[in-house]
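Listed below, chain by chain, are the residues.
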Amino acid sequence: MGRPFIVLLTKLAINALALDVADQMFARIWFEDLPATIAAAVVLALVNTYLRPLLLALTLPVNILTLGLFTLLINAGLLKLVSGLIAGFHLEGFWTAVGAALVVSLISLLLNWFLNPPRVRVQVRRF
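All residue numbers refer to position in the chain's written sequence, counted from 1. Where totals are concerned, whole chains, interfaces and linings use all residues; where local detail is concerned, this predicted model gives features only for residues with pLDDT of at least 70, and gives and counts side-chain atom pairs only at 80 or more. To get the side-chain values, all heavy atoms of the structure are used, and hydrogens and water are removed first.

Caption draft 1: Representation of the nonpolar core in the model. Nonpolar cores are built from buried Ala, Val, Leu, Ile, Met, Phe, Trp, Tyr and Cys residues. Side-chain atoms within 4.5 Å join them into one set. Relative accessibility decides the category of a residue: with a 1.4 Å probe and only protein chains considered, values under 20% of the type maximum give buried, values over 50% give exposed, and everything between is partly exposed. Membership of the largest hydrophobic core comes to 27 residues, with the highest contact counts inside it found for L19, A40, L79, V82 and F89. Per the convention used, a helix needs a DSSP run of H or I reaching at least four residues, while a strand needs a run of E reaching at least two, with both numbered from the N terminus. If you list the elements that add at least two residues to this core, you get α1 (3–25), β1 (29–31), α2 (34–50), α5 (70–85), β2 (89–91) and α6 (94–115). Element by element, the count of residues in this core is highest for α6, at seven residues. What L79 contacts, discounting residues up to four positions off in sequence, is L19, L44, F89, L91, A97, A100 and A101. By the convention used here, residues are in contact when the closest approach between their heavy atoms is within 4.5 Å.

Structure, rendered in structure tokens:
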């Protein structure tokens, strides 16, 4: 197994964990079983890879006007789309989707940063 495969599995595990935390936080989100959670994480990763950049590009003017807050609505819509595609993943309500999108985004951001912190290069110059 190469490094890219390990990175892919790690990111899928982070997505699954973030979805599980959102499931625990909100009463109107639930998974029927573990395979539904894993399937939702895989489909969410695919949707975020292929569909999200297109939507962000198409809604760029609105996103600029709202100072990036429209991205949260896009993430909520994509999460709602994934819940419609996966039979064992249930998400009820728009505001629940917005809250879950916020939780999933924050957890993914923090865990990805923690597992791969930005590299800082310090350079000392003598005159």
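So that's the structure; there's more coming.
Caption draft 2: Structural view of unusual backbone geometry. At L67, a position not held by glycine, the phi torsion is positive, near 55°. One can find L67 in the loop between α4 (60–65) and α5. Using a relative accessible area of 78% as the deciding quantity, one classes L67 as exposed.

Caption draft 3: α6, seen in detail. A helix's residues, less one, multiplied by 1.5 Å, set its expected span. Here α6 spans 31 Å end to end across 22 residues, near enough to the 32 Å set by a 1.5 Å rise per residue. Buried within α6 are the following residues: T96, A97, V98, G99, A100, A101, V103, V104, I107 and S108. Summarising the contacts, the buried residues of α6 are in contact with α1, β1, α2, α5 and β2.

Caption draft 4: Up close: the environment of R126. Within the secondary structure layout, R126 lies in the segment after α6. According to the relative accessible area criterion, R126 is exposed, its value standing at 80%. C-alpha separation for the pair R126 and D23, spaced 103 residues apart in sequence, amounts to 55 Å.

Caption draft 5: The packing of α2 against α5, seen in detail. Between α2 and α5, the shortest axis-to-axis distance is 10 Å and the interhelical angle comes to 135°. When the axes of α2 and α5 are compared, the pair comes out oblique. Crossing of α2 over α5 shows right-handed handedness. The residues of α5 that touch α2, namely those facing A40, V43, L44, V47 and N48, are L78, L79, L81, V82 and L85. Under the scheme applied here, ten amino acids are nonpolar (Ala, Val, Leu, Ile, Met, Phe, Trp, Tyr, Cys and Pro), four are charged (Asp, Glu, Lys and Arg), and all others, including Gly, are polar. Per-class residue counts for the contact of α2 with α5 are nine nonpolar, one polar and no charged. Fitting a line to C-alpha atoms yields each axis, with helices limited to the stretch in contact; the angle taken between N-to-C directions then spans 0 to 180 degrees. Note on angle classes: values under 35 degrees are labelled roughly parallel, values over 145 roughly antiparallel, values of 65 to 115 roughly perpendicular, and the remainder oblique. The crossing is said to be left-handed when, going from far helix to near helix, the turn is anticlockwise and less than a right angle, and right-handed when the turn is clockwise.

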